[in-house]
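Notes for the structure review
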Amino acid sequence: MRIRILATVFLLAALVSCVPVPDSEVLPKLTRYRTDPAQTPDWSDDDLAFFMNGTMSTEVIPEHVLTAFMEIYPDLYPKEGLSAFGIITDGPTDLPIGFSRRNVPHLAGLSSLGVNCASCHVGEIAGPDGGPPRRVLGMTSHFDPMAFIGSLIVATFRTADPAQMKKFLAAYRRASDPAGGAEADRLMKTLLRKQARKISQAAKADPFGAVGIAAGGLHEIDPSDLRLEHAALVKGADLGRTTGAFLKLFHNMRAALHVPDAIPTSAPPPPGPGRNDAFALLSAVLFGELIPPANVKFGLVWNVRNRAWVHWDGNNDNPLLRNMAAALGLGGPLIGDEGRIDMAAIRRQTDLSESIRAPRYPWMIDREAARRGRAHYQSECASCHEASDNDRLHDPSKIGTDPNRSKQIDAKQARLYESLYKRLRIPGYTYNGPPFRATGKYWASDLAGVWARSPYLHNGSVRTMRELLARSTDRAAKYRRGSGAFDVALMGYTDTGTYLFNARNPTDSNAGHDYGTDLPDAGKSDLIEYLKTL
């Protein structure tokens, strides 16, 4: 009997060394946002709520305007609603994750929505346990900001058409006064018929809401001119005046996004979920300078305090200045050199993001394989990803990865940003040095939480870690993106989603970074298990 007991003990010990206990016994209870509190041990509940839904001064679309657009433009806003843009809509409040709400003066004081850090840096992963997706702070989200903002801009231009304006006004009435019901709908229908000419004349007289205002300027809009609730309709609302007020509102929305009052004739390559081309966009809207495009993944936002430099090319050592640029580019008005953004709120968002810790792997790990994989990590990965700060920058011509992003911030761009930041007038802001430097290289960050960084490489061109360990010629040129389903064996998202990534597109090459590609299959599996422990 004693021999059997000993054998059982040894067998259990061997099993535990290979496979840890399930995550429910390893990880603490998740927060109400379904995040691991170990990522943010110093945060209060209010800190977490502010990171998820606090302002960055980017509120750019009145809520009822968005609701109306979603009703009348199903081609721009699919039936799935905002989740079609990769937005997490089932948070614990009535706001989507990464969205803020504020009454905005230049939007007629209307309750308006904007995005914050969490929209791009909180992602969902659905693993093999079948439970609800886990939310990971700091990881690349599935949000497609260019599709979301693009739909908004297109909708403002479309609604300048008198026929579309009439549809919009009816939808806006329902959104802003649902209690008005059928009686308000009847009144609205009558007014739209009787005042069709006034609506058409107002739309044709100033289709872009740009008359009487300098380029990039903001109208003062009387909120009463936008009211379409039942009481206003009973009094006989002037829909010509209302049309003009909405066209001015649409102008202000575009001006806050630095979009000119002209329908664009071309569009940049769509980045898809979890990616953008921030520096090309900022250069165009802030400086009027066109630089070569380079779509890249949203950056890594954990252990930021331990990093000397951020961004893929290591061009910035001041995250506050980086977040200022994001706020000004995503809806924070910039009138001349006057930035109308809340520095205290941006500073708080920055401080919170800097304190996020790397996520722990939440599922089973083969501990024995991980022990073997450590040696492969030391031989294949550590020399770059554990180097001193002075040795973290690498020439893309030597790594072999797509070089386009490394070229975007050159000496000229760095000077333009320095000049802008010197001139900026924002309450609470003081210039304290150049915001960006030119490196022409890529920064090798540490690999903490690398399991949650799929798809891999700076441009998100390689779907899984297993594929990154294959030679470039053996990597899939196309894969589907947008799903949070996670493959634990390959370490990365599954090949599912609505967006088709194509590595043959300009700036999207999946070549290079051929480290670990010569390992045998078993060695690659062991290395992946070790990477899960970081």
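Residues numbered from 1 in each chain as written. Predicted model: local features only at pLDDT ≥ 70, side-chain atom pairs only at ≥ 80, totals over all residues. Heavy atoms only, no water.

1. Concerning the overall build of the protein
Helices and strands together make up the secondary structure of the protein, namely 21 helices and 15 strands. Taking 534 residues into account, the globule formula puts the C-alpha radius of gyration at 24 Å, and the protein, at 26 Å, falls close to it. Summarising the internal contacts of the protein: among those between residues at least 6 apart in sequence, 74% fall at separations of at least 24. Carbon and sulfur atoms form 55% of the exposed surface of the protein, whose accessible area is close to 23300 Å². Computing the positive centroid from 63 side-chain charges and the negative centroid from 58, the protein places the two 3 Å apart. (Helix = DSSP H or I, 4+ residues; strand = E, 2+ residues; numbered from the N terminus. Rg over C-alpha atoms; globule rule 2.2 N^0.38 Å. Contact = heavy atoms within 4.5 Å. Areas by Shrake-Rupley, 256 points an atom, 1.4 Å probe, with all protein chains shown as cover. Lys, Arg positive; Asp, Glu negative; His and termini not counted. Charge placed at Lys NZ, Arg CZ, Asp CG, Glu CD.)

2. Comments concerning helix H11 (residues 239-256)
In a regular helix each residue adds 1.5 Å, so 18 residues correspond to 26 Å; H11 covers 25 Å between its end C-alpha atoms and thus fits that length. Two or three places before Gly240, at the opening of H11, Asp238 has a side-chain oxygen 3.1 Å from that residue's backbone nitrogen. Where H11 ends, the next residue or the one after it, His258, has phi of about 65°, a positive value. (Expected span 1.5 Å × (residues − 1). Polar contact = N/O pair within 3.5 Å; in protein donor to acceptor, adjacent residues only side chain to side chain.)

3. A closer look at the pairing of strand S5 (residues 134-137)
Neither face of S5 is left uncovered, since the one carrying Arg134 and Val136 and the one carrying Arg135 and Leu137 both have all their residues buried. Where strand S4 (residues 122-125) lies against S5, four bridges are found, and the strand directions are antiparallel. In the sheet register, Gly123 faces S5, and the bridge partner there is Val136. (Buried < 20%, exposed > 50% of the residue type's maximum accessible area, 1.4 Å probe, protein only. Pairing = 2+ DSSP bridges.)

4. Side note on the packing of aromatic side chains
Under the definition given, this model contains 28 aromatic pairs. Taken together, a centroid distance of 6.1 Å and an interplanar angle of 55° make the contact between Phe143 and Phe148 tilted. For Phe143, a relative accessible area of 2% translates into the label buried. Seen from their ring centres, Tyr377 and Tyr530 are 5.2 Å apart, and the 45° between their planes marks the pair as tilted. (Phe/Tyr/Trp six-rings, centres within 6.5 Å; stacked < 30°, edge-to-face > 60°.)

5. Details of unusual backbone geometry
Of note, the bond from Ser454 into Pro455 is cis; its omega dihedral lies within 30 degrees of zero at -5°. Here Pro455 lies in the loop between strand S11 (442-443) and helix H20 (465-468). You will see that Met491, though not glycine, has its phi angle at about 60°, which is positive. With respect to the secondary-structure elements, Met491 resides in the loop between strand S13 (486-487) and strand S14 (492-493). Assessed through its relative accessible area of 0%, Met491 is described here as buried.

6. Digging into the sheet that holds strand S3 (residues 111-115)
As summarised here, the arrangement of the three strands in space is S1-S3-S2, forming an open sheet in which the pairing is antiparallel. The outermost strands of the open sheet, each flanked by one partner alone, are strand S1 (61-62) and strand S2 (99-103). Note that S2 and S3 share five bridges and pair antiparallel. Looking at S3, one finds that Phe99 is bridged to Val115.

7. Comments concerning the pairing of S3
Burial runs high along S3: four of the five residues are buried. Two strands pair when backbone bridges link them, and S1 and S3 are joined in this way by two bridges, in the antiparallel orientation. Note that in S3 the partner of Pro62 across the bridge is Ser112.

8. Some words on the pattern of salt bridges
A complete count under the given rule lists 30 salt bridges for this structure. As a salt-bridge pair, Asp36 and Arg360 come within 3.3 Å of each other at their nearest N and O atoms. Of this pair, Asp36 sits in the loop between helix H2 (23-26) and helix H3 (45-53) while Arg360 sits in the loop between helix H14 (343-354) and helix H15 (367-380), placing them 324 residues apart in sequence. What makes Asp36 buried here is its relative accessible area of 9%. Connected through salt bridges with shared partners, the residues Arg34, Asp90, Glu124 and Arg135 form a single ionic network. (Salt bridge = Lys/Arg side-chain N within 4 Å of Asp/Glu carboxyl O.)

9. Regarding the side chain of Asn502
Within the secondary structure, Asn502 sits in strand S15 (residues 499-502). Overall, the relative accessible area of 16% leaves Asn502 in the buried class. In this structure the side chain of Asn502 is engaged in a polar contact, spanning 2.9 Å, whose partner is the backbone nitrogen of Arg504. With residues up to four places along the chain from it excluded, the contact list for Asn502 reads Ala477, Lys478 and Asp508.

10. Points about the environment of Ile335
You can see Ile335 is positioned in strand S8 (residues 334-335). Once the C-alpha coordinates of Ile335 and Arg425 are considered, the two residues, 90 residues apart in sequence, prove to be 9.9 Å apart. Setting aside anything within four residues of it in sequence, one finds Ile335 in contact with Gly216, Leu218 and Arg340.

11. So, the packing of helix H13 (residues 319-329) against H14
The geometry of a pair of packed helices is captured by two quantities: the angle between their axes and the separation between those axes. For the pair H13 and H14, interaxial distance at closest approach is 9 Å and the crossing angle is 125°. By the criterion of interaxial angle, the relationship of H13 to H14 is oblique. Crossing handedness for the pair H13 and H14: right-handed. Seen from H13, the contacting residues are Pro319, Leu320, Arg322, Asn323, Met324 and Ala327; seen from H14, they are Met343, Ile346, Arg347, Thr350, Ser353 and Glu354. Looking at the contact of H13 with H14, its residues break down into six nonpolar, three polar and three charged. (Axes fitted to C-alpha atoms, helices over the stretch in contact; angles between N-to-C directions. Parallel < 35°, antiparallel > 145°, perpendicular 65-115°, else oblique. Left-handed = near helix turned anticlockwise from the far one by under 90°. Nonpolar A, V, L, I, M, F, W, Y, C, P; charged D, E, K, R; others polar.)

12. Points about the environment of Arg101
Structurally, the position occupied by Arg101 is in strand S2. On the basis of relative accessibility, which here comes to 34%, the residue Arg101 falls in the partly exposed class. Sequence-distant contacts of Arg101, that is, excluding residues within four places in its chain, are made with Glu59, Glu63, Asp94, Leu95, Ser111, Ser112 and Leu113. Here Glu63 takes part through its side chain, which lies 2.8 Å from a polar atom of the side chain of Arg101.

13. Looking at the side chain of Thr517
Examined against the element boundaries, Thr517 turns out to sit in the loop between S15 and helix H21 (521-531). You can call Thr517 buried: its relative accessible area is 9%. With sequence-adjacent residues up to four places away left out, Thr517 is seen in contact with Leu468, Leu469, Ala470, Arg471 and Lys524.

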